[in-house]
Structure formats: C-alpha cells, structure tokens
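# A look at the structure
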Amino acid sequence: MTAPAVAAAPGRATAYVDPVAIERNCALLKGRLEAADLCAVVKADGYGHGATTAGTAAVAGGATWLAVATAAEAADLRRDGVGERILVMGALTRAELGLALEADADVVAWRTGFARLAGELASAARPARLHVKLDTGMGRLGTRDPDEARQVAALAHAAETLEMAGLMTHLATADDRESRFFDEQLRRFTPLAEEFRRLYPGCLVHAANSAAVLRSRAAHFDMGRCGIAIYGLDPFGEDAAARGLEPALSLHSYVADVKELDRGDTVGYGRTWVAPAATCVAVLPIGYGDGYRRGLSNAADVLIGGRRRPVVGTVSMDNIAVDVGPRTDVRAGDRATLIGAQGGERVSAEELARILNTINYEVTCGISPRVPRVPAPG
Ligand SMILES: Cc1ncc(COP(=O)(O)O)c(C=O)c1O
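Quick caveat, the model's predicted, so the values are computed rather than measured.

### Details of the packing of aromatic side chains
This model, assessed by the stated rule, comprises four aromatic pairs. An aromatic cluster is built from Tyr47, Tyr231 and Tyr361, whose rings are joined through pairwise contacts. Geometry around phenylalanine 236 places arginine 177 over its ring, the cationic atom sitting 4.1 Å from the centre. The ring of phenylalanine 182 has arginine 215 lying over it, and the distance from NZ or CZ to the ring centre is 3.9 Å.

### Comments concerning the pairing of strand S1 (residues 14–17)
Where a strand is regular, its side chains alternate between the two sheet faces. Alternating positions in S1 separate into two faces, Thr14 and Tyr16 on one and Ala15 and Val17 on the other, with burial throughout. Looking at chain direction, S1 and strand S10 (residues 249–254) are connected through four bridges and run antiparallel. Paired with tyrosine 16 across the bridge in S10 is serine 250. Sheet topology places S1 next to strand S20 (residues 373–375); three bridges connect them, and they run parallel. For tyrosine 16, the partnering residue across the bridge sits in S20 and is valine 374.

### A closer look at the sheet that holds strand S7 (residues 162–168)
In space, the eight strands of this closed barrel follow the order S2-S3-S4-S5-S6-S7-S8-S9, with parallel pairing throughout. Pairwise comparison of adjacent strand axes, ignoring direction, gives a mean angle of 30 degrees for this sheet. Summarising the sheet, strand S2 (residues 37–41) and strand S3 (residues 65–68) pair through three bridges and their orientation is parallel. The partner of valine 41 across the bridge, within S3, is alanine 67. Where helix H4 (residues 71–79) meets the sheet, it contacts S3 and strand S4 (85–88), and its direction lies at approximately 165 degrees from that of S4.

### A short note on the site of the ligand
Taken together, 13 residues are adjacent to the ligand, and Lys43, Tyr47, Ser210, Ile228 and Tyr361 come closest. Glycine 227 places a main-chain nitrogen or oxygen 2.8 Å from an oxygen atom of the ligand. In the environment of the ligand, an oxygen atom lies 2.8 Å from a nitrogen or oxygen atom belonging to the backbone of isoleucine 228. Contact with the protein chains covers 91% of the free accessible surface of the ligand, which is 390 Å². For the shell around the ligand, the secondary-structure elements that each account for two or more residues are helix H2 (43–47) and strand S9 (223–226).

### Some points on the environment of arginine 373
Structurally, the position occupied by arginine 373 is in strand S20. Judged by relative accessible area, which is 25%, arginine 373 ranks as partly exposed. Setting aside its immediate chain neighbours within four residues, arginine 373 contacts Ala15, Val17, Gly48, His49, Thr364, Ile367 and Ser368. Of the polar contacts made by the side chain of arginine 373, one reaches the backbone oxygen of glycine 48; its length is 2.8 Å. At 2.8 Å, the side chain of arginine 373 and the backbone oxygen of valine 371 are in polar contact.

Conventions adopted
Residues numbered from 1 in each chain as written. Predicted model: local features only at pLDDT ≥ 70, side-chain atom pairs only at ≥ 80, totals over all residues. Heavy atoms only, no water. Phe/Tyr/Trp six-rings, centres within 6.5 Å; stacked < 30°, edge-to-face > 60°. Lys NZ or Arg CZ within 6 Å of the ring centre and 35° of its normal. Buried < 20%, exposed > 50% of the residue type's maximum accessible area, 1.4 Å probe, protein only. Helix = DSSP H or I, 4+ residues; strand = E, 2+ residues; numbered from the N terminus. Pairing = 2+ DSSP bridges. Axes fitted to C-alpha atoms, helices over the stretch in contact; angles between N-to-C directions. Contact = heavy atoms within 4.5 Å. Near = heavy atom within 4 Å. Polar contact = N/O pair within 3.5 Å; in protein donor to acceptor, adjacent residues only side chain to side chain. Areas by Shrake-Rupley, 256 points an atom, 1.4 Å probe, with all protein chains shown as cover.

Below, the structure written as structure tokens:
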C-alpha cells in the first residue's frame, strides 16, 4: 500500500505549532541583532501560538528576555516555569502592577506617580525594575516630554525600592519602508538614549520591533523586541520565506462530507454562492467560531489533496464549504489545510490578511480558544 500524499486530518479544527520553527526564527533574528539582546514578544498568547510554547522555543533560539502586554500574561509564564526576564509593556492599574511585581516582571513607567507607586509596592530586597518610556511619535504609552522621562529615571535611580532598568520607545512606521517618520523617531530618541547610558550604567536601551530589527541597525540599541517575526510571519506583510523566516503555525480541518450539487444549487446562509455548473462541495467543520473569519466567504482558498479549492458561500460559525469540482477524488476524512502547506501549495497568513484587508498579526491572534494548539508532528 502506498502512503497517502497528505497525512490524516487531526480533528475538526486544529492548529499545529512548530516550536523548532520559532527557535530557528529567533536564531536568525539574534544573528541580525549581533551583540544586542533578543526579547521575544509573546503577548496575546504568543500571537495565537501559545505563550509558553513560543517563549520556551524563543529562549532555545537565543532570546534572553520575553515581553507581554499584561500582568496576568507575566504571571501565567511564571506559573509555567519561565525563569527569564519578563517585561510587561502595557499600562497597569494598581492591582495589575502588584501582580506584575509579584511575578518578578520589569514594568514600563513614564509618570512619577506611577514610579512612586511601584516603589511603595516593592521592597529594597526586591526592587521594582522600571523601563522609562519616551513617546517619540507613536502617540500611545510613554511621555512626550524628555524632562518628564528624566524625572522618572532620577526617581527610579534614587529610590532603594526601585531600579532604573531601561529606556524605551516604540516605532510607528518601521514596517513602511517609504515612511521617513521611522528616522524621525530615532532622531528624537537617540540623544536621551545616549544621556541615560552615561547617567545610568547598565540601563538597557530598546526601540525596535521585528520590522525595525530587519530594517535598520540604527534601531537595534541594546535589545530588539520581536513579535511577529519570531512566529515566521512577515512584518512587512510580504513573503516571510524571502527573509528566511519559517511560519510556525498551520491550521487544519477535515472533510466531514462531500455532496453533489446541480447547476443553480446554493450553499450557506444568504445563498451568496450559486453553483454555476454541476459540481461537488466538501463541507469542513470549521468556521468563524474558530477564528476563520466571515470575510473569507467566497474569497479564500483551502488546500485539500495538495490543491487549492475555493471557499464557496458564507463562512458560518462552525462550518464552511469548498468547491472541489465535479467527479472529485476528494473524500470524507481528507485533511483540509486553511493556513499552511500541502504538497507544493501554501496558503499563508499574509494571503488571508490581504483578503481581509488586515495584517497577519490579526489572522493568528484571531484563531479562537476553541482550536487546540498542538505540537506539529515531526
Ligand atoms: C511595545 C511593543 N514592542 C514590540 C512589539 C513587537 O512588535 P512586532 O510584533 O511587530 O515585532 C509590540 C507589539 O505590538 C509592542 O507593542
């Protein structure tokens, strides 16, 4: 008996996550960063890949820091035994700040009031490590005033329950190579970075996300905070493989049923697709309840038997249909790949993002908790 060309389906909706791909992507990014540290951003459950799986793989690939958005995400990583430095990048309420410090995470500060509060919640035995944030043009977190950044840093340096651990900013247009605002933000940031390095030896200066790490050495400073690229997704929305990045996640379902349709028959809610000729459709038990978005109705391709098959009709919560053509060799039980490769074909998160008029980040973050994340078979 010959082996089937495509392995059997893993279940109704399953995401395979390959930690070795994350490890290799991190090794590539660490190589670009040279002496600078790699901080792997694993917020939002590792961009949908699983935070602890991603963080552990990232550390194996050379990351020495992890970053998250919330205190609860830091606490979850600690509960799972992660021992590396963790930076909580988001805004924190008093209760969340307490939780972040309990998790021994570094936190971001840009107002003296917040720094004082961190000092009150911490102890001299375990000072709160602060990263002062300068808003150089993102317009979100951070102070726009370098003098306020200086005050927060001086306070952190002087208080025995605080540690002046870092200076950071975030870049708004690193993924847009046409934009000169990237250089403008670095121009606003660099003088304060140089001043803080003089005043606070050991202060870690960081600014770059994935796109900035790949785009310009001038943005590296002491550390790159890389999210999207560690998952093998392209920060520029282009071809990740061209940059040597390997997608770590693939999304699969299976053919629950195959049915013959006559010309004029319709599929799904609202009858948005009418069979132009006699054909067969395969029904896959995956839908927007799993994060396969409704905007993909009549627009995306799914891989079955190593070939592209168009999604027909409206994506519903738990099911989609794909046109597999008349006299099909597709059978119930066949694997269907919605993100990832089969044979020589690939449907990328970037491809789905273009259809949805969004970014690859939202495609993998949007895969719902109903979908088990399991290690990719070797
Ligand atoms: C402050 C900060 N730094 C770094 C990152 C990582 O960005 P990317 O996923 O583009 O590498 C993020 C993610 O949004 C962020 O908010």
